[in-house]
Amino acid sequence: MANRVFITGDTHGSVDVRKLGPGFFPIGCELDKEDYVIVCGDFGLVWADNSESNYWLRWLEKKPFTTLFVDGNHENFDMLDSMETEEWHGGLVHRVRPSVLHLMRGQAFTISDRSFFCMGGARSVDKAWRTPHKSWWPQEMPSSEEYAQALDTLDALEWKTDYVLTHCAASNVQYRLNPTYENDELTRFLFDIERKLDYRHWFFGHYHEDRDIDERQTAIYNDVVEIIPSDGGDELYRVPGGFRAE
């Protein structure tokens, strides 16, 4: 049986991570470490070396499944950047805990016989009210090297992948979410990619919505969606349960 893969949205550290607990995600109790739950940015538990973050990282580590995440804009990038990189399933990761892994920017991974292209990052609209290197990090936006790595990875994939996992959306998709959202270097970069890339489905977090933009683009937040492999085309199944922050 193929490994199972689930996609969800921002966990925001301890704020929303409970959606992966048995009360909201009971199917998680049936999984094992070869099954994966992927968070589309704003993971938020690589934030500070304190008792709260460490408690919730231990909580996740004790889950039967493996947790993967792309980075959002609310991560401690100084901590992430200090971690050693290693190759995992074809791409580079930071191993935060044995079964909690950061899927690095511009990398592609083969998971359950499906390819996943990952490009984290986003611009914080509230950074003026945050403290640099304490509650906001300039590395939230990709570097020129990370953009170049993304293009090299896509060239190696011959611009074809099964799934795309990001935190923010491409400019054209973001406009459909809300025309008042401002574009930036990253959303325009993703727009250029989206026009050229052959892909099955694109998941992104960031906007705190659960919404299918069209048949290939999904904004995800509280929902947990399982990718069910099928020879005729994968099925996307919203797992019963559901979570809404208090």
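That block above? That's the structure.
Visitor: Tell me about the layout of surface pockets, and please be specific about residues and values.
Guide: Taken as a whole, the largest pocket spans an internal volume of roughly 280 Å³. Forming the boundary of the largest pocket are 17 residues, of which Arg 123, Val 125, Tyr 181, His 206 and Tyr 207 lie nearest the centre. Among the residues making up the lining of the largest pocket, the classes are represented as 5 nonpolar, 7 polar and 5 charged. Computed from the structure, the second largest pocket encloses a volume of approximately 220 Å³. Along its surface, the second largest pocket is lined by 18 residues, and Asp 81, His 94, Met 104, Arg 105 and Glu 146 are the ones closest to its centre. Of all the elements in the fold, those that place two or more residues in the lining of the second largest pocket are helix 2 (77-82) and helix 3 (144-156). Class assignment of the residues belonging to the lining of the second largest pocket gives a composition of 6 nonpolar, 7 polar and 5 charged.

Visitor: Which residues make up the packing of aromatic side chains, and what values go with them?
Guide: Tallied over the full model, the rule gives 13 aromatic pairs. Aromatic pair Tyr 36 and Trp 88: ring centres 5.6 Å apart, planes at 80°, arrangement edge-to-face. Of this pair, Tyr 36 sits in strand 2 (residues 36-40) while Trp 88 sits in strand 4 (residues 85-88), and the two are 52 residues apart along the sequence. When sorted by exposure, Tyr 36 lands in the same class as Trp 88, which is buried. Note that Lys 63 overlies the ring of Trp 59, its terminal NZ or CZ placed 4.0 Å from the centroid.

Visitor: Give me the lowdown on the packing of helix 3 against helix 5 (residues 185-196), citing residues and values where you can.
Guide: The interhelical angle for the contact between helix 3 and helix 5, taken along N-to-C directions, is 10°, at an axis separation of 12 Å. The orientation of helix 3 relative to helix 5 falls into the category roughly parallel. In this structure, helix 3 contributes Tyr 147, Ala 150, Leu 151 and Leu 154 to the contact, and helix 5 contributes Glu 185, Leu 186, Phe 189 and Ile 193. Here the residues of the contact of helix 3 with helix 5 are counted per class, giving 7 nonpolar, no polar and 1 charged.

Visitor: So what's going on with the sheet that holds strand 6 (residues 100-103)? Residues and values would help.
Guide: Taken together, 8 strands build an open sheet; the order of strands is 4-5-6-3-2-1-13-14 and the sheet is mixed. Whereas interior strands pair on both sides, the edge strands pair on one side only; in this sheet they are strand 4 and strand 14 (235-238). Averaged over neighbouring strand pairs, the angle between their axes works out to 35° when direction is ignored. For strand 3 (residues 66-70) and strand 6, the ladder comprises 3 bridges, and the chain directions are parallel.

Cut-offs and rules
- Residues numbered from 1 in each chain as written.
- Predicted model: local features only at pLDDT ≥ 70, side-chain atom pairs only at ≥ 80, totals over all residues.
- Heavy atoms only, no water.
- 1 Å grid on protein atoms, 1.4 Å probe; cavity = no way out; pocket = protein on both sides within 12 Å on 5 of 7 lines; lining within 4 Å.
- Points joined across faces, edges and corners; volume = space filled by probe spheres on them.
- Nonpolar A, V, L, I, M, F, W, Y, C, P; charged D, E, K, R; others polar.
- Helix = DSSP H or I, 4+ residues; strand = E, 2+ residues; numbered from the N terminus.
- Phe/Tyr/Trp six-rings, centres within 6.5 Å; stacked < 30°, edge-to-face > 60°.
- Buried < 20%, exposed > 50% of the residue type's maximum accessible area, 1.4 Å probe, protein only.
- Lys NZ or Arg CZ within 6 Å of the ring centre and 35° of its normal.
- Axes fitted to C-alpha atoms, helices over the stretch in contact; angles between N-to-C directions.
- Parallel < 35°, antiparallel > 145°, perpendicular 65-115°, else oblique.
- Contact = heavy atoms within 4.5 Å.
- Pairing = 2+ DSSP bridges.

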